[in-house]
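Observations on the three-dimensional arrangement
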Amino acid sequence: MITITIDGKTYQVEPGGNLLQAALSRGIDLPYFCWHPALGSVGACRQCAVKQYRDENDRRGRIAMACMTPLADGARFSVDDPEAAAFRKSVIEWLMVNHPHDCPVCDEGGECHLQDVTLMSGHVYRRYRFEKRTYRNQDLGPCLTHEMNRCIACYRCVRFYQDYAGGDDLQAFASRNRVYFGRFTDGTLQSEFSGNLAEICPTGVFTDKTLRRHYARKWDLQTAPSICVHCGVGCNTTPGERYALLRRIVNRYNGEVNGYFLCDRGRFGYEFVNSEQRLLQPTVLSNGHTQPLTRAELADQLSRILAGRMKRVIGIGSPRASLESNFALRELVGAERFFAGFAPHEQRLAELVIEILDGPVPAATLRQVEEADAVLILGEDVSNTAPRLALALRQAARQAAYRAAEALDVPRWQDASVRDAAGDQRSPFFLFTTAATRLDDLVTETFHGAPENLARLGHAIAHQIDRDAPDVEGLATRSVGFVRQVAAALVAARRPLIVSGTGCSSEPVLKAAANIAWALQAAGTDARLALVTPECNSVGAALLGGRFLDEAVEAVQSGAASTVIVLENDLFRRLSPDAARTLLSAEQVIAIDHLHQPTLEAAGYRLPAATFAEGDGTLVSSEGRAQRFFQVFTRDDPVQESWRWLALCAAAAGRPQPAVEANLDALTEACAKAVPALRRITEAAPGAGFRQVGQRIPRQPHRYSGRTAQLADRTVHEAPPPDDPDSPLAFSMEGYRGQPPSPLIPHFWAPRWNSQQAVNKFQSEVGGPLAGGDPGVRLFEPGPRRPYYTRIPEAFKADRQRLRLLPIHEVFGSDELSRQAPAVAGRTPRPYLALNSKDAALRHKADGAVVSAEIDGRTFELTLRLLDSMPRGCAGVPVGLGDLVGLPPDATVTLSNSGLQ
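This text gives an overview of the structure that appears in the document. (Residues numbered from 1 in each chain as written. Predicted model: local features only at pLDDT ≥ 70, side-chain atom pairs only at ≥ 80, totals over all residues. Heavy atoms only, no water.)

1. Describing the overall build of the chain
- Counting its regular elements, the chain contains 27 helices and 36 strands.
- Against the 2.2 N^0.38 benchmark of 29 Å for 901 residues, the chain shows a C-alpha radius of gyration of 28 Å, consistent with a compact globule.
- By its C-alpha atoms, the chain is 90 × 80 × 55 Å across when sized along the principal axes.
- Counting all 901 residues of the chain, 61% fall into the buried class.
- In the chain, the share of contacts with a sequence separation of at least 24, taken over all contacts with a separation of at least 6, comes to 74%.
- Surface summary for the chain: the accessible area is close to 34,100 Å², and the carbon and sulfur share equals 49%. (Helix = DSSP H or I, 4+ residues; strand = E, 2+ residues; numbered from the N terminus. Rg over C-alpha atoms; globule rule 2.2 N^0.38 Å. Buried < 20%, exposed > 50% of the residue type's maximum accessible area, 1.4 Å probe, protein only. Contact = heavy atoms within 4.5 Å. Areas by Shrake-Rupley, 256 points an atom, 1.4 Å probe, with all protein chains shown as cover.)

Structural data, given as structure tokens:
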């Protein structure tokens, strides 16, 4: 540690940082614009000016920019110096010269970093009286609005979009004093991280277009800590509600997981909560007609179905439902009649992921992913299956650049200098996937092939690293040098990372990835694994256990099961249509879900489940991190958590469950006791009885308006806020106003900091973990060394008649819930079939033609998309788009000779 002095006070700081970050970390309010903890310093805005002194005898000092000033032992600074304060005031005045001053109508109003800094700097009167510079705004697609007249040219947007996220269709166009940040032509921003511009931009140039459709000021939004439900990464989010309508999602900082950024699917996929497809009332299908049911009527009918007949009732869980709901169903029907709710091949893959995570090599947090200095991705299109992981991998590729800059004494926070000093240097980055991905621009070497061939290369690399790993016979000669190159780069790294997952539906690929990681550990490296799972609770559901879904089909066919309870699951996405219809042909089907979908439509009883915004629960991420999400708002309709509906079913069956009847804490504790692998889930967040200074944590900000006016159309009397037995949060403005434990932070706000930059006040160090530690608890600890997987698949051989089916994941469209959101639907491609151009020419098919494809006995009419990175003899179809659901991983594709073009 070194000692610096700021305005006469001494502070102990870590060497190597810059003054701005150190000052903010110690609670000193120093204005800034262009600097960002994740983006580093470029010194573009000149807003963070301070006075720097040579020594204790220097009384005059000199103006310096805090973000560009390195820390040195004994350095002396002043933030409050009148000359520095006047300089900052003049800077903000010039930046505001062309600003339209449209705060009352700006979507950013009330949470604007520009507003905060303007007031902080003391600029309160506009003297400029001349014509202002104006621009034409662009249509940037369904997610963002564009208002260039508000721009102060801080360059944050292009630095994030191009340098950090790897996008190439947002640029800075400049001529003299006119700088324009936008696209060459109007059109949707192509990056899956474009929505972060709404938080990165310190003014209102880029704002959330989905919020504009149902706008509310930040201080009028009721919020709660939550978890993204659209993939397995487990990003932390803050949903905001007004008038029982979910209005937006913003990033909730977690230093070990998502940091400052979300992908667009997580940010804009929330509108399925407001969808017209929502089920909001219990209904029964009677004589072909749907009839609503009161709670009493439902309880009566469930009693006739379930009482005394539970031995013939089976339950089907879901990897997108909370642990508590899955456990409540398992307790209701019994473990022997509980089915996990995966497709059979999905369940085998999820169980294999757990087996690997329970091995000797630890799972990497996203922060550790960013610090990896060599990366091998095996079989996973991360940009589409786990976008936030892909963003972290982009930062890992810069580790070589950081080392080169450090050799020249350039600290990594000097971002522009690092880029100048290191040029295009990248860390070793190897990508073995079934087709090209959006990370291909980072690669040292890439290989595209069928999953069997990817697995063989992976096993060969493991053997090259450790001769105890199984050898691969018959490896192509041209691959041997490639294998040696990859193995040498991984062994030479200090923190190598192996990335794989379930995306290509291949157990051999996962096993090969595990072998490589275990071989690297045996070689003495600090290796890490990052495994991708498809849904928000895939790992949690697999840890809870359950029988395979095809066994449930057999139980209904044989008559062993007469009643099926389906929890938040569309079986047509898991099984073939025939198998799903067989399962749903049981005498009684009770479906609990949010949205109308084919399984729900086939059910006799339909119970409306709460979404993540309307209920509480625990999810386990791909990393094995258990995290809690909390109810954001209550509804007037009978929507409630699935586990509460299951409590009603248990009572109707004459076997009430005390844990379920009590509250979420009791149910979570019962789950932790019953399943050893989940014993620590109660540590994910404080329980409902937690109080800070005897008070709950308020969901509503202190400026929240309308508690007495919201119901004025019905009554002039103020209604009491709803009770919440499941969390320490209050549906109120009243409560503890200090900093709560990190899993309970409902929003980031601090005096003088109304924007998302207020997160600085909640961190132990700016850019570091939240005070008290980041949310969540890891369920996996490194175990003893395991024997290598020894079964190596045969090399893939192309068949001229039948093409091997390969799943293609789309970040927009493959997820079941987010595609119900208009912003995501607007970016979802039409169903297609991807084919290598040589295979297409062999069959006389042209790009864009409509072809008839037979897959697993079903015929689809699909648009042909030529993709030369697709392996010969293979055909790719996008998972979950249109009718492309329920396809087995070992299916083949046959194209009819007569095209439909």
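From this point, the narrative continues.
2. Points about the pattern of salt bridges
- Summed over the entire model, instances satisfying the criterion amount to 50 salt bridges.
- The salt bridge partner of Arg320 is Glu816, with a shortest N-O separation of 3.1 Å. Pair noted here: Arg320 is in the loop between strand 16 (313-316) and helix 9 (323-333) and Glu816 is in the loop between strand 31 (803-808) and helix 26 (822-825), with a separation of 496 residues, a long-range link.
- A salt bridge links Arg573 to Glu816; the shortest N-O distance between them is 3.6 Å. With Arg573 in the loop between strand 23 (563-567) and helix 21 (577-583) and Glu816 in the loop between strand 31 and helix 26, this residue pair connects regions lying 243 residues apart in the sequence. A single burial state applies to Arg573 and to Glu816, both of which are buried.
- A single network of salt bridges, built from pairs that share partners, joins Arg159, Asp163, Arg398, Asp415 and Arg419. (Salt bridge = Lys/Arg side-chain N within 4 Å of Asp/Glu carboxyl O.)

3. Structural notes on the side chain of Ser322
- Secondary-structure assignment places Ser322 in the loop between strand 16 and helix 9.
- For Ser322, the contacting residues outside a window of four places in its chain are Asn537, Gly617, Thr618, Leu619 and Phe629.

4. Points about the side chain of His459
- Within the secondary structure, His459 sits in helix 16 (residues 451-465).
- When neighbours within four sequence positions are excluded, His459 is seen to be in contact with Pro470, Val472, Pro508, Lys511, Ala512, Asn515, Tyr789, Arg791 and Ile792.

5. Points about the packing of aromatic side chains
- Enumeration according to the criterion identifies 15 aromatic pairs in this entry.
- Relative to Phe261, the ring of Tyr260 lies with its centre 6.3 Å away and its plane at 55°, an arrangement referred to as tilted. Here the two residues Tyr260 and Phe261 agree in accessibility, since each one is buried.
- Judged by centre distance (6.0 Å) and plane angle (45°), the rings of Phe272 and Phe612 are tilted. Note that Phe272 is positioned in the loop between helix 7 (264-268) and strand 14 (283-286) and Phe612 in the loop between strand 25 (605-608) and strand 26 (617-620), a separation of 340 residues in sequence. (Phe/Tyr/Trp six-rings, centres within 6.5 Å; stacked < 30°, edge-to-face > 60°.)

6. Comments concerning the sheet that holds strand 22 (residues 528-532)
- Spatially, the 5 strands line up as an open sheet ordered 20-19-18-21-22, and their pairing is parallel. The sheet is open, and its two edges are formed by strand 20 (445-448) and strand 22, each paired on a single side. Direction aside, the axes of adjacent strands within the sheet are offset by 10° on average.
- Pairing of strand 19 (residues 429-433) with strand 20, which is carried by 4 bridges, proceeds in the parallel orientation. Paired with Leu431 across the bridge in strand 20 is Thr446.
- Packing against the sheet, helix 18 (residues 507-522) makes contact with strand 18 (374-378), strand 21 (496-501) and strand 22, and its axis sits at approximately 165° to strand 21. (Pairing = 2+ DSSP bridges. Axes fitted to C-alpha atoms, helices over the stretch in contact; angles between N-to-C directions.)

7. Quick word on the layout of surface pockets
- In this structure, the second largest pocket occupies an estimated 1,100 Å³ of space.
- Gln21, Pro37, Arg367, Arg412 and Gly767 are the residues nearest the centre of the second largest pocket, which is lined by 45 residues in total.
- Taken together, the elements giving at least two residues each to the lining of the second largest pocket come down to helix 1 (19-25), helix 4 (156-164), helix 11 (366-370), helix 13 (387-396), helix 14 (399-407) and helix 15 (415-422).
- Of the residues belonging to the lining of the second largest pocket, the class tally is 17 nonpolar, 14 polar and 14 charged. (1 Å grid on protein atoms, 1.4 Å probe; cavity = no way out; pocket = protein on both sides within 12 Å on 5 of 7 lines; lining within 4 Å. Points joined across faces, edges and corners; volume = space filled by probe spheres on them. Nonpolar A, V, L, I, M, F, W, Y, C, P; charged D, E, K, R; others polar.)

8. Quick notes on helix 20 (residues 549-558)
- Here helix 20 has its buried residues at Leu549, Ala552, Val553, Ala555 and Val556. Buried residues in helix 20, looked at end-on, bunch into an arc of 160°, giving them a common side. Opposite the buried face of helix 20, at more than 90 degrees from it, the exposed residues are Gln557 and Ser558.
- Directly beyond the C-terminal end of helix 20, a positive phi value near 90° is found at Gly559. (Arc of directions from axis to C-beta.)

9. Some remarks on the packing of helix 8 (residues 295-306) against helix 23 (residues 642-652)
- Packing of helix 8 against helix 23 brings their axes to within 8 Å, and their N-to-C directions diverge by 55°. The angle between helix 8 and helix 23 places the two elements in the oblique class. Note that helix 8 runs across helix 23; the crossing there is right-handed. Contact with helix 8, carried on its side by Arg295, Leu298, Ala299, Leu302, Ser303 and Leu306, involves Trp645, Leu648, Cys649 and Ala652 of helix 23 and no other residues of that element.
- The residue makeup of the contact of helix 8 with helix 23, split by class, is 8 nonpolar, 1 polar and 1 charged. (Parallel < 35°, antiparallel > 145°, perpendicular 65-115°, else oblique. Left-handed = near helix turned anticlockwise from the far one by under 90°.)

10. Brief notes about the environment of Pro787
- If you trace the backbone, Pro787 turns up in the loop between strand 30 (777-778) and strand 31.
- Remark: the alpha-carbon pair of Pro787 and Gly501, spanning 286 residues in sequence, is separated by 20 Å.

11. Remarks on the sheet that holds strand 31
- Within the closed barrel, the 6 strands sit side by side as 31-35-32-34-33-36. Their pairing is mixed. With direction set aside, neighbouring strand axes in the sheet form an average angle of 45°.

12. Some points on helix 23
- Extensive coverage of helix 23 is indicated by the burial of 9 of its 11 residues.
- Backbone geometry just downstream of helix 23 places Gly654 in the positive-phi region, at approximately 80°.

13. Concerning the nonpolar core
- Formed by 98 residues in total, the largest nonpolar core has its most connected members in Phe432, Ile461 and Ile516.
- Of the residues forming this core, the biggest block, 10 residues, is contributed by helix 18.
- Residues Met65, Phe77, Val158 and Cys201 belong to the second largest nonpolar core, which totals 66 residues. (Core = buried A, V, L, I, M, F, W, Y, C linked by side-chain atoms within 4.5 Å.)

14. A look at unusual backbone geometry
- Despite not being glycine, His101 has its phi angle at roughly 55°, a positive value.
- Its location among the elements puts His101 in the loop between helix 2 (82-95) and helix 3 (113-121).
- By relative accessible area, His101 is classed as partly exposed at 28%.
- Residue Val693 is not a glycine yet carries a positive backbone phi of 55°.

15. Some details on a nonpolar patch on the surface
- A surface patch of nonpolar side chains, about 390 Å² in accessible area, is lined by Leu119, Val124 and Tyr125.
- According to the relative accessible area criterion, Val124 is exposed, its value standing at 70%. (Patch = residues over 30% accessible without salt bridge, like charges linked within 9 Å, V, L, I, M, F, W, Y side chains within 5 Å.)

16. Thoughts on the packing of helix 16 against helix 17 (residues 477-492)
- At a closest axis distance of 9 Å, the pairing of helix 16 and helix 17 adopts a crossing angle of 55°. By the angle between their axes, helix 16 is oblique relative to helix 17. Of the two elements, helix 16 crosses helix 17, and the hand of that crossing is right-handed. Between helix 16 and helix 17, the residues in contact are Leu457, Ala460, Ile461, Gln464 and Ile465 and Ser479, Phe482, Val483, Arg484, Val486, Ala487, Leu490 and Val491, respectively.
- For the contact of helix 16 with helix 17, a count of residues per class yields 10 nonpolar, 2 polar and 1 charged.

17. A short note on the state of the cysteines
- Within this structure, the stated rule accounts for 0 disulfides.
- Cysteine Cys504 shares no disulfide, and the gap to the nearest cysteine sulfur, in Cys874, comes to 11 Å.
- Cys504 gets classed as buried once you look at its relative accessible area, which sits at 4%. (Disulfide = S-S within 2.5 Å.)

18. A closer look at the pairing of strand 18
- For strand 18, the buried fraction is high: 5 of the 5 residues fall into the buried class.
- Neither face of strand 18 is left uncovered, since the one carrying Ala374, Leu376 and Leu378 and the one carrying Val375 and Ile377 both have all their residues buried.
- In terms of strand pairing, strand 18 meets strand 21 through 4 bridges, oriented parallel. Considered in strand 21, the bridge of Leu376 is made with Ile498.
- Pairing of strand 18 with strand 19 involves 4 bridges; the strand directions are parallel.

Bear in mind that shape data such as this cannot, by itself, settle questions of function.
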